[in-house]
Structures are given as structure tokens and as C-alpha cells.
Amino acid sequence: MATEVLMPALSPTMEEGTLAKWLVKEGDKVKSGQIIAEIETDKATMEFEAVDEGVVGKLLIAEGTAGVKVNTPIAVMVEEGESFSDAAPAAVAVSRAEVRPTVVAAVAAAPAPIAAPVAKAGWPHSDLPEGPTKTMTVREALREAMAEEMRADPTVFLMGEEVGEYQGAYKISQGLLDEFGPRRVVDTPITEMGFAGIGVGASWGGLKPIVEFMTFNFSMQAIDHVLNSAAKTLYMSGGQMGSPMVFRGPNGAAARVGAQHSQDYSAWYAAIPGLRVCIPYSAADAKGLLKSAIRDPNPVIFLENEIMYGRSFEVPVDPDFVVPFGKASVMREGSDVTIVSFGIGVAHSLAAAEELAKDGISAEVINLRTLRPIDYDTVLASVMKTNRCVTVEEGFPVGSIGDHIASTIMQRAFDYLDAPVITCTGKDVPMPYAANLEKFALITPAEVVTAVKSVCYR
Amino acid sequence: MAKKPDARPNVSKEELLKYYREMLLIRRFEEKAGQLYGMGLIGGFCHLYIGQEAVVVGLEAATKEGDKRVTSYRDHGHMLACGMDPKGVMAELTGRIGGYSKGKGGSMHMFSKEKHFYGGHGIVGAQVPLGAGLAFADKYLGNDNVTFTYFGDGAANQGQVYETYNMAELWQLPVIFVIENNGYAMGTSVKRSTKSTTYFGRGLAYGIPGEQVDGMDVLAVKAAGEKAIAHCRAGNGPYILEMMTYRYRGHSMSDPAKYRTREEVEKIKTEKDCIEHVRDLLTQGGLASDEELKAIDKDIKAIVNESAEFAKESPEPDLSELWTDIYA
């Protein structure tokens, strides 16, 4: 009986990958556990093992093929003595081969070209500067921002778990160890409180640390140093000494990683005076904001998103391109309603705006980009034009950024409102694991569409 | 508590007079702060250093320019010992614009970049990784400075201390961890906090050498400091000094100190007082006359009174200061 071998999912967020290399050929006998292929994700090259014994009947996908969707049949295994043509297609059974996640191969010296889908939401930034651009992923943009700033300023260094030899848990720091060495790309033990405190102390000692949290969920271990040591020292010292540093890493839900690894901390950190809070949407945001953050003399919380890492956008080629803090980006102009969002919420908002356009509703989409400071002027000017507002974010509803925006609009533009502001957020529950429940817990474009129609009385 | 040192150590009159003067300044300053607190001129939390003066004075005597220090909320003594102006410290206690933090930090939050004093931290144990971070910066920058990271026996049980030990030894950071063991974490005695009461030995699991020192003997403290500094400056990584000391006053101003007996306190004051110890060395050794010491007492009193007057007269910060120094 023939068995199909399917393209495996090798990370929580992987949707497709590259079949980099076949290590077997048709007719080869394969043992259980034998490595049969190398598969490249946007993070790493992984070795792929056969589950069952058998003979390689047919390789369905040629090596070097990019963009192979998860669960696509990539090969057919047959039993010994059987040939591929003997196997009746109806009898093909499915075998999800196993992966050895401990074996990470081919972490190249130079950042390898990364296969990633170009973002479907392809609206251009209205405020990208004049000049040539290049297409790059959010991941590449973050890496390039760090590398450029480290080249420019010898006091900038990166520390965190797996940032060096492992090349970054999410491959943001890939290649940096090779270029800058272990003095400036510092692997830490898994001790967030300790290394966050060491980072803050180093910032007082004349350095500009970039502290990577593998995810912001783990920053809870270190939040005392972020708030009490980093954010407040400039004030407590009467302006004598501050903490010029960046805390960065992925924030919010990834995919199916459960309650402890899926939380949006935007509103938490945005509540703290003394911190700057950046939350990029596009690769241009990511690069421009991270360069600003590294240069800024204050402690900056830099909230990335794992799902966005592999998405591609146009980024200015100009090495001096930076995105200033407190300057929102109008991603799409509209006249009927203002949708205010940030981070991955912008993707949902743009998708909703596209849907709404089909119904003749013209939505303006604002990407806040920084939550501390917030560009109130851009939001208020837009609301005064459209007279309606919906906010979109992934975080919990109580004490959300949307609440703050809604209250600001109420206080400063009440007479312009034709409807109450609706705040679209994640649901008020810990993140569930079950796929259907997780989907239900997260904010979706469909919910944004419903909210917009509601404020438009449609 | 270790035994009394030899009556005649090999130390000059000038050196002893310097220690006497510096320890007396801290004690009189703290007594004055206590008075001002009672008068309502100082508010909030105020943790006095009385009794522990030999620790900072002895260690400061071993430092060089460029060395750094960071400590907890019981920080007035550390600031005076590293040469910060008593007027600026006292005015911070009264919350005035002439204070080191313009009145915005208070007793627990003062800093001086000029004197390499990095606070003044109110979260127990937080200063430990911060101090290691300062040492990280010095190693990164390639100089030979060391950082003194002070914390108490209470903080010594915090998890982040051990995270820091691990990284400090792993990265061979030039940091000296100074545990000021005064026997009580607020009201909880060492015996009621841990079965592992030899704090200096807790670094051994990470490969960090440590030793216990009579923290009431300024000469023993200085000698231990020199040894630790030599270890650090030579690039051998961190070192732990456990200073056996005692605080005469309560944990803070509002502490009735019911957790220990009056006799216990009196016994230490009579037998182990760090200032009396140096005074005895000076007088019994015939190195200084009562008149000389009285002149110093008078001088110190004048400095402290001057700081108190400054702290009363310095204006409160302008209301506009509320909104400054949040961002650089």
C-alpha cells in the first residue's frame, strides 16, 4: 500500500516552506527515523525523518521548490517489492512524517535568503519618503536595523537568550554573531530578571543595550527592572542619568501556543511614564522605528509579532531612513469611518477596509506605530473628518489602548462624533489552545467589519 | 560577631583620623535625619545606617577613581562615604530642589554620576543585577574599574541575586558583592529566614570566592576590600564579602523593633561600636588627644548642622518640576 508523505508544519506559525534538499532518491529503501529531506522554514533548515520503513516510490516535489504549503504531499512511499505505479491511488494513506526539532542545520554564516510570502495587504505607506525601496520581510528589516546601528555605534550591543550561536530563536539576530562577535552579541542563560537588570545597569555604565526577550511573555519575569529600574531612574535622579536601551521581542499571540505564550502587553507598557513603546506593523515601520529606538536616550519597549516576521513590505533603501516616535501612519484614506490600530491589528483593519469598500463604506485606517507617545492629532483630525471611529487591537478589553483612544476622542472631539466609538479587542479570556477557540478569542477582520457597520448604522 | 582586633594595628594616625571623621559624619548625619523626621521635615520611608558605618568607610578607603557603587534604600551612609555633599543628601531627604534628585527621589533614590553612585534602590535585591550591569559596561569598555554592589541579608535570599551570581562568574564581571549582614531583614532575623546562614559561601555553587568579615572593624573591612578589589581588577571575576554588622536603629523610622531585645542592642553598642573602636585605637595608642578628637566632633557637628539648615531653607521644587526628567 502506498503512503503519502506530507509537507510538515515545523513551527507554530509555519504555513509553507522550501523543500531544500532530498536526501533519498526514488527506489531507495528507507528505515524508520532516517533523514529523508531538508526543509527550510523562514527560521531555520530542519531535518525531516521518515516515520515508517519502506521504499521511496515517487518524489512529488522537486528539491529547491519554495512556497510548499503545509500538508501538501511531497512524496509517496511504497512497500518493498511494490512500485509506485502498482500502488492504487485510492489506497494512498497519509503519513505525517516526524521532525527532529533539536537538529537545526544550515544556520548560515551570512543571513540566508528567506522565503516568505509577500503580504497580501499590499497598500503602500502614504508617508514613505521619496526614493528607491526594496522588498524585505519584517524579520530582515529588524536585523538590518540592528546591524546598521551596531556598525554606527560601538556601544550598542545585543543580549538575550539564543541571540548568538543559535542565531536567534526567531532568527532576528541571524548573522549578527558572525559580524560582531560574542562581545557584542551576548548569549544569556534563561534568567530574564537577572539579564534585564544587567542590561539596565549596563545602560547606566555608558552602553546602549538591546535586550531581546524571546517573547514578551517572559518579560513578566523582568518587569520590575523594566519599570522600576529603567523607566523611573531619569526622574528619580532629577535628570542626572537615564537608561538608553531597547527591550524587544515578539509580543501577542503566535499560533496555538496557549495562554501563557499568547498575550498582548501593549496596554501594560503604554501605561508607564518614562517608557517609549513602539509597535510596528510593516517592515518599514520595523526598520525605521527600531533605528529610532536604538538611538533614543530613553528605555524603549519594542513590541514585535511572530506572525508578521515573515511578511514582506517595501522598505526605503536609504540607510538614514528612520520613523520618528509619535507619528502615526495613515495607511488608507477614507471618509466614512476612522479605524485606529497598531501592530498586527493594522493587517486586520486593512483587510476589513477592503471588505467594507465593497459595501461602499470608505474607511480610513490609521497605524499608530508608537503607543507612547501616541499621535493624538492624527487620530482626532481623522475623526473630525469621518465622525466615526473603531479601534482594533489584539489585547484584552479592560484598560485597552482602545479605551484610552475612545476616552480621548470623547473629551476632545465629542461634538464631532455621530456614533459611540467601538473598541474591538481580543476576548476577555486566557488564550485557549483549541484551534477553533483560539480563532474565536482573537480579533478578526469580520468583527471589525461588523463594528464599522454598527457605527455607520448600516 | 568576630573578636575585637589587635589593639595596635599597623596603621597611621592620619588614616585612623580619616576613618574616625568619615564614620562620625555618617552617624551624626543620620542622627540629625532622625530628628528632622521627628519634626515632620522628612517624610515617607527613611532607613538609617547607624551602627554599620565601618562597612562603607572601610570599603571606600580601598577604592580608586572610576570605581562604582550601587546599594539598597539604606543608602545615606554610602553617599556620604563616596564623597557626596551632605547638603545635597539632606535636602533630598526634605524633598527640596537643592537635593541630589531635585527632591523627586527622596531618601531611597539618590544618584551621583560624578561620584559614580548609582542609587539608592527601593526594590529589595534589584540593585544586584544592576551592579553587575555596571561592571558589564566597564568590562565591555575595557577599563579596570570595579563595582561595589551592596545588599542586605534579606536581599540575599532573592532569586535575582543568584541569577546574577551565575552570569557575573560566567562573564567574569568585575563586581564585588557586599552583603551587609546586620542580622535582620526588617523584623525577620537571619535564623528565621534561612538554614543557610553563611551568605559568603553561597557563591561557591557558581565558582565565586567569598569571605566573612568583621564589619564593625573598619581596618578589617578595608583589608578585605583590598583583597577583593585585587581579585576583580586582575580579571578574575566577582568576589563576595559578607560584612557582619549591626543596625542600632529600627528598619525604618516607623519600626518599634520588638523583634530583638534592648540588651542585644546595648551589648553591641558597648562592645563592638565601630567608631568607639577607632577612637580607642587613637587614644589608647597615644596617637590622638581628646582635644584633637573633640575638634573633629565639633567640625562634624557644624557640617551636619549646615546640611540641615540647607535642607530646611532650600525651596520645594517648582510645580513645573513635576513634568521634567521623564524623558531625556
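This structure is a prediction, so every number in the text was calculated from the model and none was measured. (Residues numbered from 1 in each chain as written. Chains lettered and ligands numbered in written order. Predicted model: local features only at pLDDT ≥ 70, side-chain atom pairs only at ≥ 80, totals over all residues.)

J.: Mind laying out the sheet that holds strand S20 (residues 337–341) of chain A, listing which residues take part and the relevant values?
T.: All names here are of chain A. Judged by pairing direction, the sheet is mixed, and its 5 strands sit side by side in the order S19-S21-S20-S23-S24 without closing on themselves. In this open sheet, the two edge strands, each paired with only one partner strand, are strand S19 (329–332) and strand S24 (422–424). Averaged over all pairs of adjacent strands, the angle between their axes in this sheet comes to 25 degrees, without regard to strand direction. As judged from the 5 bridges shared by S20 and strand S21 (residues 363–367), these two strands associate in the parallel manner. Residue pairing in the sheet places Thr-338 in a bridge with Glu-364 of S21. Relative to the sheet, helix H12 (residues 445–455) contacts S20, S21, strand S23 (389–392) and S24, its axis offset from that of S24 by approximately 180 degrees. (Pairing = 2+ DSSP bridges. Helix = DSSP H or I, 4+ residues; strand = E, 2+ residues; numbered from the N terminus. Axes fitted to C-alpha atoms, helices over the stretch in contact; angles between N-to-C directions. Contact = placed C-beta atoms within 7 Å.)

J.: So, the nonpolar core: which residues are in play, and what are the values?
T.: If you look at the biggest cluster of nonpolar residues, it comprises 194 residues, and the most contacted ones within it are Ile-339, Val-390 and Val-452 of chain A together with Met-23 and Ile-176 of chain B. Element by element, the count of residues in this core is highest for helix H1 (residues 13–38) of chain B, at 10 residues. Not counting the four nearest positions on each side in its chain, Met-23 of chain B is found in contact with Glu-53, Ala-54, Val-57, Val-218, Cys-274, Ile-275 and Val-278 of chain B. Listed in part, the 22 residues of the second largest apolar core include Met-7, Val-68, Ala-75 and Met-77 of chain A. (Core = buried A, V, L, I, M, F, W, Y, C linked by C-beta atoms within 7 Å. Buried ≥ 20, exposed ≤ 12 C-beta atoms within 10 Å, placed from the backbone.)

J.: For the interface of chain A and chain B, give the residues involved together with the corresponding values.
T.: With 34 residues of chain A at the interface, the matching set in chain B holds 32 residues. Elements with a contribution of two residues or more to the side of chain A that touches chain B: helix H3 (192–204), helix H4 (223–231) and helix H5 (233–236) of chain A. Residue contributions to the side of chain A that touches chain B peak at 10 residues, all from H3 of chain A. Its residues assigned to classes, the side of chain A that touches chain B comprises 14 nonpolar, 18 polar and 2 charged. (Nonpolar A, V, L, I, M, F, W, Y, C, P; charged D, E, K, R; others polar.)

J.: Which residues make up the sheet that holds strand S17 (residues 299–304) of chain A, and what values do they have?
T.: All names here are of chain A. With respect to topology, 7 strands assemble into an open sheet ordered S13-S12-S14-S15-S17-S16-S22, the strand pairing being mixed. The open sheet is flanked by strand S13 (185–187) and strand S22 (370–372), the only strands paired with a single partner. If you compare each strand with its neighbour and ignore which way they point, the axes differ by 20 degrees on average. Summarising the sheet, strand S12 (residues 156–160) and strand S14 (residues 208–212) pair through 5 bridges and their orientation is parallel. Pairing of Leu-158 across the sheet is with Ile-210, part of S14.

By themselves these figures say nothing about function.
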